[in-house]
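Commentary on secondary and tertiary structure
If you want the building blocks of each chain, they are given just below.
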Amino acid sequence: VVNAPAQRIRNLDELPYPAFHLFPMEQYASYPLVTSRGCPFGCTFCSITAIWGTMWNYRSPQSVVDEIDYARTRFNWRQKPFNVVDDSFNVRRDRVVAFCEQLLARRMGITWFSAGFRADLVPLDMALKMKESGCTGVSIGIESANDELLKRMKKRVTLAQIKEGCGNLHKAGIDITAQFMIGNPGDTFETVMETIKFARS
């Protein structure tokens, strides 16, 4: 029996917070924040489109900051960081900025990290606002330093865009955890060395 796909929940703000009260939260190093579902980019190697599809659904900045406030009260989460675990947190610049402005306006005083971040969608003004609101770092899937391989993966990003985005993050004082893959279809010894050279730079 194969059931028809369930209808996607469109308004993620209606969902309750995760039942973290069932876990020994004092043993965890960071609080995971899910602020969106899905990814509109569809990289060939990624499973997210199989799980969520390419429709990007997101919570409002107020809903996310409300959960942060809840975690601070419910779990006394004040000295440890929050980790935004979205697949693509910064799809919309205005939403990221609104999130940062909510953190500042409500004087949350937190530190946070984004685990899924696009290098081609990070203008300098957004990076500066992220830093001001407590962002300490982001994790970017660069994968390869070869434009042809990036095109094959359907990353929809160029090396020049990656350099510019990483440069803006550096200017803002935000640390970058860069992820690379070796052994992509079409990779050669030369393209692997090209990627390693870029990573070192």
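Everything numeric here is computed off the predicted structure, so don't read it as measured data.

Rules and cut-offs
- Residues numbered from 1 in each chain as written.
- Predicted model: local features only at pLDDT ≥ 70, side-chain atom pairs only at ≥ 80, totals over all residues.
- Heavy atoms only, no water.
- Patch = residues over 30% accessible without salt bridge, like charges linked within 9 Å, V, L, I, M, F, W, Y side chains within 5 Å.
- Areas by Shrake-Rupley, 256 points an atom, 1.4 Å probe, with all protein chains shown as cover.
- Salt bridge = Lys/Arg side-chain N within 4 Å of Asp/Glu carboxyl O.
- Helix = DSSP H or I, 4+ residues; strand = E, 2+ residues; numbered from the N terminus.
- Buried < 20%, exposed > 50% of the residue type's maximum accessible area, 1.4 Å probe, protein only.
- Contact = heavy atoms within 4.5 Å.
- Pairing = 2+ DSSP bridges.
- Right-handed = clockwise from strand over helix to strand, strands pointing away.
- Polar contact = N/O pair within 3.5 Å; in protein donor to acceptor, adjacent residues only side chain to side chain.

So, on to a nonpolar patch on the surface. Where nonpolar side chains cluster on the molecular surface, the patch consists of Leu22, Phe23 and Tyr28 and spans about 330 Å² of accessible area. Here Phe23 shows up in the segment before strand E1 (31-33). Phe23 sits in the partly exposed class, given a relative accessible area of 44%.

Note on placement: Val65 falls in helix H2 (residues 61-74). Apart from residues no more than four positions distant in its own chain, Val65 is found in contact with Phe99, Gln102, Leu103, Arg106 and Met108.

Two elements, strand E4 (residues 82-84) and strand E5 (residues 112-117), share 3 bridges in a ladder whose sense is parallel. Bridging from a neighbouring strand, Phe82 pairs with Trp112 of E5. Crossover handedness for the path E4 to helix H3 (residues 93-105) to E5: right-handed. Relative to strand E6 (residues 135-143), E5 runs parallel, the two being bridged by 4 bridges. Counted as the bridge partner of Trp112 is Cys135 from E6.

Once that is clear, we can look at the side chain of Ser63. Following the sequence through the fold, Ser63 ends up in helix H2. Since its relative accessible area comes to 11%, Ser63 is described here as buried. At 3.4 Å, the side chain of Ser63 forms a polar contact with the side chain of Asp13. Excluding anything up to four places from it in sequence, Ser63 contacts Asp13 and Tyr17.

The next subject is the pairing of E6. Here E6 lies mainly inside the structure; 8 of its 9 residues are buried. Crossover handedness for the path E5 to helix H4 (residues 124-132) to E6: right-handed. When E6 meets strand E7 (residues 175-180), the two strands line up parallel, connected through 6 bridges. When the bridges of E7 are listed, Gly141 appears paired with Gln179.

From the geometry alone we can't say anything about function, so treat these as descriptive.
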